[in-house]
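# Commentary on secondary and tertiary structure
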Amino acid sequence: MNDARRGFAPLPIFYAARNIGRSPLRLALTAGGGALVVFLVVGSMASVRALDRGVRASGTPGNVMLVGAGSEESVERSEIPASAPGVLAASIEGIRHEGGAQFISPELHVPLPLRREGDPAPEGNSRSLALVRGVEPAAFLVHPQARLAAGRLADAGADEIVVGRALAARLRIGDADVASSNEALPVVLIDERPHRVTGIIDAPGVAIDGEAWMPISDLLVLTKRQTISAAVVSLDGADIGDLEAFAARRSDLEIAAIDEPAYYAQLAQFFRPVQILIGVSALIVALGAMLGGLNALDAAFASRSREIAMLQVLGFSRGAVILSLVQESVLAVATGALPALLIARLALDGVGVRFSMGVFSLSVDATCVASGLGAGLLLGVVGSLPPAIRCMRTAIPIALKADLT
Amino acid sequence: MATVEPIIRCSSLEKHYERGGETVRVLEKLDLTITRGQFVALMGPSGSGKTTLLNLLAGIDRPTAGGLVVDGQDITTLSRAALAHWRARSVGYIFQLYHLVPVLTAYENVELPLYVHNISRRERHRRVCEALESVSISDRHAHYPSQLSGGQEQRVAIARAIVTQPSLLLADEPTGDLDRASAAGIMELLGRLHREHGQTIVMVTHDPATAVHAQRTVHLDKGRLVEPHGVAS
């Protein structure tokens, strides 16, 4: 017979597929390790991306924030006179307006303890903080990502708030709850003062999704403040240079103008170490799983050294045998990784993750799924290559006699 | 029928191992010629070099010195990959312990070596059926090795060795793990393959009762050929 292939002749894939069921315990360990790694990678990737996307997407191109001079890095520490937005509106042309409404949103950003009425109060020093934003209706003009999805806006002087979808989920408040009459509306305690929740804002993927909004006048009273945090302005004709010039001209206001997307991009940089920490934690667990896999596969392949030698006697090249062992490992990992991907998609997608004062909604998107698949594949390949190559080092005649006395 | 054309030619073949700083001479200056179509039994006491010689003939071990031409090919000069390619084409190997893959059926075990060859699925099926038929195990084609007796497993192993239609069939103690009745059946089968198909067979055995089925017996002792010059009987 002269038809032996000159090129690479792989072992049939069914050989690898059948072998994964050879040791149920090893399959369980490998699949479990694969599932753990994939779930962690998808989870950490979704968290990192949600955090990054949430912060970055919170800035709207064309928006400028007027904040207190010296507080350009944190709007929550910023203080500007409550009169500043009005002075600005009168002084600058080129601010966007529609139907007589100017796109200027005076805002007060305050992290405050917030919990559902009836929920147990946090013990000790722990506080369940949420970012409460005091706004006027113009906030919806300058933040087009936010849309009232259910209920109505909060009335001033009535101790009412609206909440972002992710915060609503955390508080177990649904659309139906805010469609009730005033008496039946859900109540939350902000700094231990009851407030009715009148509506839910949809702002998917941005920081607003985890915030509570209330009339700015109410928040000023609640916090006993006379200054606001910032004024957010949408420009149409003017540019940031005009606002910087205004800020310089009105030194009495002690304000600074910053580009809103740039502010949030800078904020994203602030969270970079946290994102790295999440990634490194996932990597360490993945490495642990990989080392465990290496150990299990080393023993598994060594116990089959005679069979592996036999395959070479049949004429299969070392490369073909190594490929088959790697296929076997990848298939074993896949038995855990694929269900883990599905579970991650079902369990994590849309889940709100509390971070600092914000809540970010996880999105298990194509990139997260691809990262999970890549991690599973890497675990299968890198975890099996060293033991497979080590197995090939034994000379065939010695391997054929393995375990024989 | 056997012809005078040599299929194996060993000239001054040597195999040494280094063990604990000492050189172990397993084969020494071995000259042996086996002609195409012969059924040869390699006999000798333990450690005489029988299996080492068989491994050299199969190209799964390399000689320390000397010449070795098998089926017209000087296999001492081949690379590892070329040797695997040559082995797939020219050699069928029967192991004492069968070495069937436990997770594959008898059919799939026999089919396995055909994946090295560039042949169609239909042709693979034809050859596997033919091989299983020739070892009288067709009715067990869907059985896994654990569902077969030792004799049946060895029949499957023989089918796997002959399915590629190799020039040379090498058998290492093929009846060493079988009861008397099964061993007799296997030897009858190898004898039939030799008689009916002119198959060249080199078989290692330490059992004279097994060796009588061979056409020629070659004795090894301490790595040397006892039969003068390895001349065909």
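Remember, it's a predicted structure, so these values are computed and weren't measured experimentally.

## Thoughts on the overall build of chain A
- Looking only at helices and strands, chain A has 14 helices and 16 strands in total.
- Expressed as lengths along the three principal axes of its C-alpha atoms, the size of chain A is roughly 95 × 50 × 40 Å.
- For chain A, the proportion of its 405 residues judged to be buried stands at 49%.
- For chain A, the proportion of contacts with a sequence separation of at least 24, taken over those separated by at least 6, is 80%.

## Some details on the sheet that holds strand β3 (residues 39-43) of chain B
Residues and elements named next belong to chain B.
- Spatially, the six strands line up as an open sheet ordered β6-β7-β8-β3-β9-β10, and their pairing is mixed. The strands lining the two open edges of the sheet, one partner per strand, are β6 (91-94) and β10 (224-225).
- When strand β7 (residues 168-172) meets strand β8 (residues 200-204), the two strands line up parallel, connected through five bridges. Residue pairing across strands places Asp 172 opposite Val 204, the latter belonging to β8.
- With respect to the sheet, helix α5 (residues 150-162) is in contact with β6 and β7, its orientation differing from that of β6 by roughly 170°.

## What about the pattern of salt bridges?
All names here are of chain A.
- Under the definition given, this model contains 28 salt bridges over all chains.
- The salt bridge partner of Arg 172 is Asp 119, with a shortest N-O separation of 2.9 Å. Taken together, the residues Arg 172 in the loop between α5 (165-170) and α6 (175-178) and Asp 119 in the loop between β5 (104-116) and β6 (129-135) connect sequence positions 53 residues apart.
- Where Asp 175 meets Arg 165, a salt bridge forms, and the shortest distance between an N and an O atom there is 2.7 Å. Taken together, the positions of Asp 175 in helix α6 and Arg 165 in helix α5 put the pair 10 residues apart, joining distant regions of the chain.
- Judged by its relative accessible area of 36%, Asp 175 is partly exposed.
- By relative accessible area, Arg 165 is classed as partly exposed at 27%.
- Members of the salt-bridge network, linked through shared partners, are Arg 147, Arg 165, Asp 175 and Asp 202.

## What about the packing of helix α2 (residues 24-56) of chain A against helix α12 (residues 318-348) of chain A?
Residue and element names in this part refer to chain A.
- Running from N to C, α2 and α12 point in directions that differ by 40°, and their axes come no closer than 7 Å. Between α2 and α12, the crossing angle belongs to the class labelled oblique. With respect to the hand of their crossing, α2 and α12 are arranged in right-handed fashion. Taken together, the residues of α12 that come into contact with α2 (itself represented by Arg 26, Leu 27, Thr 30, Ala 31, Gly 34, Ala 35, Val 38, Phe 39, Val 42 and Gly 43) are Glu 328, Ala 332, Val 333, Thr 335, Gly 336, Ala 337, Ala 340, Leu 341, Ile 343, Ala 344 and Leu 348.
- Looking at the contact of α2 with α12 residue by residue, the class counts come to 14 nonpolar, five polar and two charged.

## Some details on the nonpolar core
- Ranked by internal contacts, the top residues of the largest apolar core, which has 62 residues, are Phe 316 of chain A together with Ile 8, Cys 10, Leu 30, Leu 53, Leu 170 and Val 202 of chain B.
- Counting residues in hydrophobic clusters, the runner-up holds 43 residues, among them Leu 114, Ile 161, Ile 173 and Ile 200 of chain A.

## A short note on the pairing of strand β4 (residues 65-70) of chain B
All names here are of chain B.
- Sheet topology note: the strand β1 (residues 6-19)/β4 ladder contains five bridges and is antiparallel. When the sheet's bridge partners are listed, Cys 10 is paired in β4 with Leu 68.
- Sheet analysis places β4 next to strand β5 (residues 73-74), joined by two bridges and oriented antiparallel. Within the sheet, the bridge partner assigned to Val 70 lies in β5 and is Gln 73.
- In sequence, β4 turns back onto β5 through a hairpin of two residues, with Asp 71 there showing a positive phi of about 55°.

## Quick notes on the domain arrangement of chain A
All names here are of chain A.
- Domain boundaries in chain A define domain 1 (13-55 + 272-400) and domain 2 (70-253).
- Tallying the contact residues gives seven residues for domain 1 and 13 residues for domain 2.
- A buried area of about 860 Å², summed over both sides, lies between domain 1 and domain 2, and 57% of it is on carbon and sulfur atoms.
- Counting the contacts that link domain 1 with domain 2 gives zero salt bridges.
- Between the two partners, domain 1 and domain 2, sit zero residue pairs in polar contact (both at pLDDT 80 or more).
- Elements represented by at least two residues in the side of domain 1 that touches domain 2 include exactly α2 and β16 (358-361).

Conventions adopted
- Residues numbered from 1 in each chain as written.
- Chains lettered and ligands numbered in written order.
- Predicted model: local features only at pLDDT ≥ 70, side-chain atom pairs only at ≥ 80, totals over all residues.
- Heavy atoms only, no water.
- Helix = DSSP H or I, 4+ residues; strand = E, 2+ residues; numbered from the N terminus.
- Buried < 20%, exposed > 50% of the residue type's maximum accessible area, 1.4 Å probe, protein only.
- Contact = heavy atoms within 4.5 Å.
- Pairing = 2+ DSSP bridges.
- Axes fitted to C-alpha atoms, helices over the stretch in contact; angles between N-to-C directions.
- Salt bridge = Lys/Arg side-chain N within 4 Å of Asp/Glu carboxyl O.
- Parallel < 35°, antiparallel > 145°, perpendicular 65-115°, else oblique.
- Left-handed = near helix turned anticlockwise from the far one by under 90°.
- Nonpolar A, V, L, I, M, F, W, Y, C, P; charged D, E, K, R; others polar.
- Core = buried A, V, L, I, M, F, W, Y, C linked by side-chain atoms within 4.5 Å.
- Domains from an automatic or database assignment.
- Buried area = accessible area lost by both parts, 1.4 Å probe.
- Polar contact = N/O pair within 3.5 Å; in protein donor to acceptor, adjacent residues only side chain to side chain.

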